[in-house]
Amino acid sequence: MLDVHRLRVFRSVVASGSVAAAAANLGYTPSAVSQHVAALQRETGLQLLARHGRGVRPTAAGQALAAQADGLLARLGEVETFVADLRSGRSGSLSLAYFASVGAAWLPAVVSVLSTGFPGVRLDLELTEEIPTDPSKRADLQLAVAQTDFRPAAGTTAHHLLDDPYVAVVRQDHPLAGRDEIELAELVGDRWIDNDFARGWCRRNLLEACRAAGFSPAFAVEAHDYPTALAFVAAGIGITVLPALGSARPAAGTVAVPVVRPVPVRSIYALVQDAVADTPPVQAALAALRDVAGCPVPSAA
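An account of the accompanying structure is given in this report. Per-chain numbering applies: the sequence of each chain, read as written, is numbered from 1 onward. Given that this is a predicted model, residues contribute local features only at a pLDDT of at least 70 and side-chain atom pairs are listed and counted only at 80 or more, while totals for whole chains, interfaces and linings are drawn from all residues. Hydrogen atoms and water are omitted, and side-chain values are computed over all heavy atoms in the structure.

Counting through the fold element by element, Val257 comes out in strand 11 (residues 254–260). Val257 sits in the buried class, given a relative accessible area of 2%. Taking C-alpha positions, Val257 is 7.2 Å from Ala177, a pair spaced 80 residues apart along the chain. Helix and strand assignments follow DSSP, with helices taken as H or I runs no shorter than four residues and strands as E runs no shorter than two, numbered in order from the N terminus. Summary of the burial criterion: residues with accessible area below 20% of their type's maximum are buried, those above 50% are exposed, and those between are partly exposed, where the area comes from a 1.4 Å probe applied to protein chains only.

This is the structure in C-alpha cells:
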C-alpha cells in the first residue's frame, strides 16, 4: 500500500524541480523531503528521481508515477472537500421517510427549510408506513407512528413530536355533527369507510379502540387513503374515523368531531439514525419538524 503523503511530497519535488524547492513549498526541511522520497522509492522498488544539474528530474518510471499521482491526488482532494462539506452540511444527501398524512401537512415546510439552508444536499424522500427492521434499509430520518411508549431499535433515537387523537368525520347533516365529542359506540350503526387500505398501524390502533368499545366496525367501503375517504364522506356514502392530522384539510360539507370512550391516539416520532444525528441538515430538519408539530424544544439535561 503506497503512502499517500509520500506521493504528495514526491509530486511536489517533481513540480518544484529540486528537493530544496519542494521543502520550501511544503514547509518541510530538505532532509525530511529526501527521507519521504527515499521511503517511496523503497515502497515501489523504483528509481523515481535522477540528479539534473543542481536539482532533480523524474526518471521515466517517476514521470509515469507522477502522472498517476495527479489523478489520485485530485480525487483525494475532492473527497476531502466532500467530507468537509458533509461536516458543515453543505453537500451530500439526506434520506427522509414519511407517512402520507404528514407528507401533505408537514413536509412542504420541512423541505423548504432544508432546500433554502442546504441547497447542496440531495433529499431522498420515501413514502412508507413501516419501520424497517434491517438497519441498512433505514432512512437517516423517518417520520413514524407508534404507540405512546414506543422504544426504537439500537442505533436509532426517537424524538416525540405529537400525540394525534382520532376524530370522526361526518357530513354536516349527520345527527352527531353538532356534538363536541362522539363516543365510538355511537357510530356502530353508521356505514363505515375504511381509510387505510395498507392495513397499517393506524388502522390496527383504531380497531383495538373499537373492540375496547365493544364492537368491530363493518366497513362498507374501502378507500386507499384519507383524502379519498373524506371525499366519500362528503358524498354521503358514510363516516370515517382517522387521526386528527389526517383531517387537517376536510372536504367541504364535512365536520371532524373528537371521539372518546376510548380515545384512540397515535404518537408521531422522528426516528433519527445516531450516525447522522449531529449533522446540520438533520438538526435543521428536526427543528423544522418540531416547529410544524408545535412541540417544544427539549431542554438540555
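Centres within 6.5 Å make a pair out of two Phe, Tyr or Trp rings, where for Trp the six-membered ring is used; the pair is then stacked when the planes are under 30 degrees apart, edge-to-face when over 60, and tilted otherwise. All chains considered together, the criterion is met by three aromatic pairs. With centroids separated by 6.0 Å and ring planes inclined at 65 degrees, the aromatic side chains of Trp192 and Phe215 adopt a geometry described as edge-to-face. One end of the pair, Trp192, is in strand 8 (residues 192–194); the other, Phe215, is in the loop between helix 7 (201–212) and strand 9 (219–222), and 23 residues separate them in sequence. Both residues of the pair, Trp192 and Phe215, count as buried. Centre to centre, the rings of Trp192 and Phe219 are 6.1 Å apart; their planes meet at 75 degrees, and the pair counts as edge-to-face. Within this pair, whereas Trp192 is found in strand 8, its partner Phe219 is found in strand 9, the two being separated by 27 residues in sequence. Assessed through its relative accessible area of 23%, Phe219 is described here as partly exposed.

Take a side-chain nitrogen of Lys or Arg and a carboxyl oxygen of Asp or Glu: if they are within 4 Å of each other, that pair is a salt bridge. If you walk through the whole model with that rule in mind, you get eleven salt bridges. One salt bridge connects Glu181 with Arg261, and the closest N-O pair in it is separated by 3.7 Å. Remark: Arg261 occurs in the loop between strand 11 and strand 12 (265–273) and Glu181 occurs in the loop between strand 6 (156–171) and strand 7 (182–183); sequence separation between them is 80 residues. In this structure Arg261 comes out as exposed when scored by relative accessible area, which is 51%. Notably, a salt bridge pairs Glu208 with Arg211, separated by 2.8 Å at the nearest N-O pair. With Glu208 and Arg211 both in helix 7, this residue pair falls three residues apart, about one helical turn. A relative accessible area of 48% means that Glu208 is categorised as partly exposed. Within this structure, Glu181, Glu183 and Arg261 form a network of salt bridges that share partners.

Rolled over the atoms, a probe as big as a water molecule pinpoints where empty space is left. Here a cavity means grid points, on a 1 Å grid over the protein atoms only, where a 1.4 Å probe fits yet cannot get out; a pocket means an open set of points with protein on both sides within 12 Å along at least five of seven lines; lining residues are those with an atom within 4 Å of a point. Grid points are joined across faces, edges and corners, and a volume is the space filled by probe spheres set on the points. Taken as a whole, the largest pocket spans an internal volume of roughly 270 Å³. Lining the largest pocket are 15 residues, with Ala100, Glu129, Asp196, His224 and Asp225 positioned closest to its centre. Note that Gly is not counted as nonpolar here; it falls among the polar residues with everything else outside the nonpolar set of Ala, Val, Leu, Ile, Met, Phe, Trp, Tyr, Cys and Pro and the charged set of Asp, Glu, Lys and Arg. Tallied by class, residues from the lining of the largest pocket come to seven nonpolar, four polar and four charged.

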